[in-house]
Amino acid sequence: PIEEKKQERKPEKKNEKKEEKKEEKKEEKKVPVSLIEVIRGASIFAKEVEPLANINIRNRLISSKDCSPTNELKCALVSIYELATTPKKKAGSQPGPQSVFAEHGLSMEKIAQMKIEEFVDSVVKMASTNPIQVFDFLAVHGYDLWFTKCSLSATKESQFMFSVPKLEEFIAMCEIELSKETKMIMEMEPSYLRLTPLTEKPIKTINGIDEDMLRTHYISILQHSLPLIRYNWSVLKNFNDNLMNAIPYINWSMCVNLIPENSIPYTISSFLAAARKLCLNYVKICLQQAVLNKTSVVRERPPKLLFERLRLASERVRGKEEENESEKVDEKTQNLTDSMFFKAYEQVKNINLTLLRPSKPEGSAPFLAFEIIFQGEYVVGEGGPYRQFFADLSTELQPSASSEGYTDVRSSALHLLCPTPSNVNHQGDSKDKYTFTPSAKSAMDLLLYEFLGLLMGCCIRTGVRFSLDLPSIIWKQIVGEPLTLADLEELDPAAVGMIKLFANPAINVEEFNSSLQECFCVLLSDMTSEELIPNGANIQVSLERKEEYAILALQARLMESKLQCQAIRKGISKIVPMAMLNFLTHQEIAAIICGKKTIDLGLLKRHARYAKGLSLIHI
């Protein structure tokens, strides 16, 4: 009976397999048929549309009424005719593409033998039969689809290049407005550029580019001619295309700031570091991703950091209640030991730092340098506590008026950061900035700054953000950019005004003696005094030495946080290779570590997905 049952089951399986194969064959037959139908429909549509497209192109060249050339075409042909009939100094100096249209009688030699009317008529005849070929002819001679001359005839390239500040502004316009900060910047050809101010109506595009991408508010760029704009973009694009291929062969660790001041930095990396603002952001992102991938390690699990935030908060409250007792701990030491920053430092110093360089996980897994555990708190997930840890550290390092325990503008739990003089005095445009405390130079302070740099390296590697407002004078020292007077003005406008007053050669003796009574010492950002010369506090600045005082005071204020920034760089280099920082600008490193303060509404709208009943109209 068992064998009979097996024999009964076998034909059922065979029948099932046959039916499955039949269904698969039916599905396979349907696919090619549908594709053939689509291809046939597309070819029929193309045949129907081609005459219409030729009519539209022809109407841009000649008038449909009397077949006369349009004004734009006539102006372009007149310029080509003048170029062909102009005598050349050297034989054989005719343009290279002269033989491309020789079979149509439109080579430069043939054009020079014609009259202007004959030349125009021959082009009009070509436009009536093959209008696309006319645009090819115009493109050979440097004209675009809008009949604009976009080729430069002079030989000195230096005459056509923008200045370096203008090039930086031009790159910002191309990256932010034209390519919307995407990798499309590398595919944008010079012929695509045709710009109009935002106040004017957009130009109707021909090559399929969005009209809004050709509008800009950079009026200073629009003051130049279109051929000049396209030429500068072609040079920048060629430079960045070649740089993409050369990046793996350049030793980026040799930078300008690592070479002695009395030597000349004749290295490729030093020149590229000086020209870092001319490198496109997409090139830098590719370099950053390649460096981070090559320096990552595979680990089984991330290190764990344990914190009892509830107990730390209760200890802070208890410490305030016991302030009036006779035996009390120093305020700075107590704030340091009761902070999450110091607790994290005590735990991380016992961890193998190579474990803090993880490879990026696949899928939606959280990207963590270490795992944060808040004991006594019910937390779901790992990404939330990790981000909250950096937010808590930001509050400890840089307390705001809304923070718990805030007493005055100079209160800080760690004394590593202090508000800038412009923040204290509410001067200038940077009223919310904090800077490194210049007097924090002890061995312990520098170790803590180094640990802060290590955490900044974790931000670069894992994409988490600090909430710190640091001035450009700090970020420039981190990436090795030279400092200027404008950086000090952002930090302390009053000090810059005083330095300019001392450096003014037109001041007379009476004004100097009545208003300027200073010694050879200067106040730093944390209101500590530093002597500029030995015994400078007891030596008054005279009229003859006022310029010397201005130079010394400027150097002291620019370098007041030099040791702290060196410790930060040392900490970052433990997580991220220092060579990568030498390729970034101070704005870019600030955005990578602390994020951007502005929100791009256009980017948000492009990536927003609306629920049922909602659309872009509701915004």
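Residues numbered from 1 in each chain as written. Predicted model: local features only at pLDDT ≥ 70, side-chain atom pairs only at ≥ 80, totals over all residues. Heavy atoms only, no water.

## Examining the nonpolar core
Among the nonpolar cores identified, the biggest contains 112 residues, and Phe370 and Phe466 are the most heavily contacted of them. The leading source of residues in this core is helix 16 (residues 443–462), at 10 residues. With residues near it in sequence (within four places) discarded, Phe466 still touches Phe390, Leu393, Ser394, Leu397, Leu452, Leu455, Met456, Cys459, Ile593 and Cys594. Formed by 24 residues, the second largest nonpolar core is a distinct cluster that contains Ile62, Leu106, Val134 and Leu138. (Core = buried A, V, L, I, M, F, W, Y, C linked by side-chain atoms within 4.5 Å. Buried < 20%, exposed > 50% of the residue type's maximum accessible area, 1.4 Å probe, protein only. Helix = DSSP H or I, 4+ residues; strand = E, 2+ residues; numbered from the N terminus. Contact = heavy atoms within 4.5 Å.)

## Side note on helix 16
The α-helix winds at 3.6 residues per turn, so residues separated by three or four positions along the chain end up facing the same way. When the terminal C-alpha atoms of helix 16 are compared, their 29 Å separation across 20 residues agrees well with the 28 Å that a helix rising 1.5 Å per residue should span. The element helix 16 is largely enclosed, with a buried count of 16 among its 20 residues. Phi turns positive, to about 85°, at Gly463, one or two residues after helix 16. (Expected span 1.5 Å × (residues − 1).)

## Some remarks on the packing of aromatic side chains
According to the stated counting rule, one finds 17 aromatic pairs in the structure shown. Note on Phe170 and Trp233: the rings are 6.3 Å apart at their centroids and 90° apart in plane angle, and the pair reads as edge-to-face. Highlighted residues: Phe170 in helix 6 (residues 164–178) and Trp233 in helix 8 (residues 226–246), separated in sequence by 63 residues. With relative accessibility at 0%, the residue Phe170 sits in the buried group. Among the aromatic side chains, those forming a connected cluster through ring pairs are Phe307, Phe370, Tyr386, Phe389, Phe390 and Phe466. Above the plane of the ring of Phe162 lies Lys166, whose end atom (NZ or CZ) is 5.8 Å from the centre. We note Lys284 situated over the ring of Phe583; from NZ or CZ to the ring centre the distance is 5.9 Å. (Phe/Tyr/Trp six-rings, centres within 6.5 Å; stacked < 30°, edge-to-face > 60°. Lys NZ or Arg CZ within 6 Å of the ring centre and 35° of its normal.)

By themselves, these are just geometric observations and shouldn't be taken as functional.
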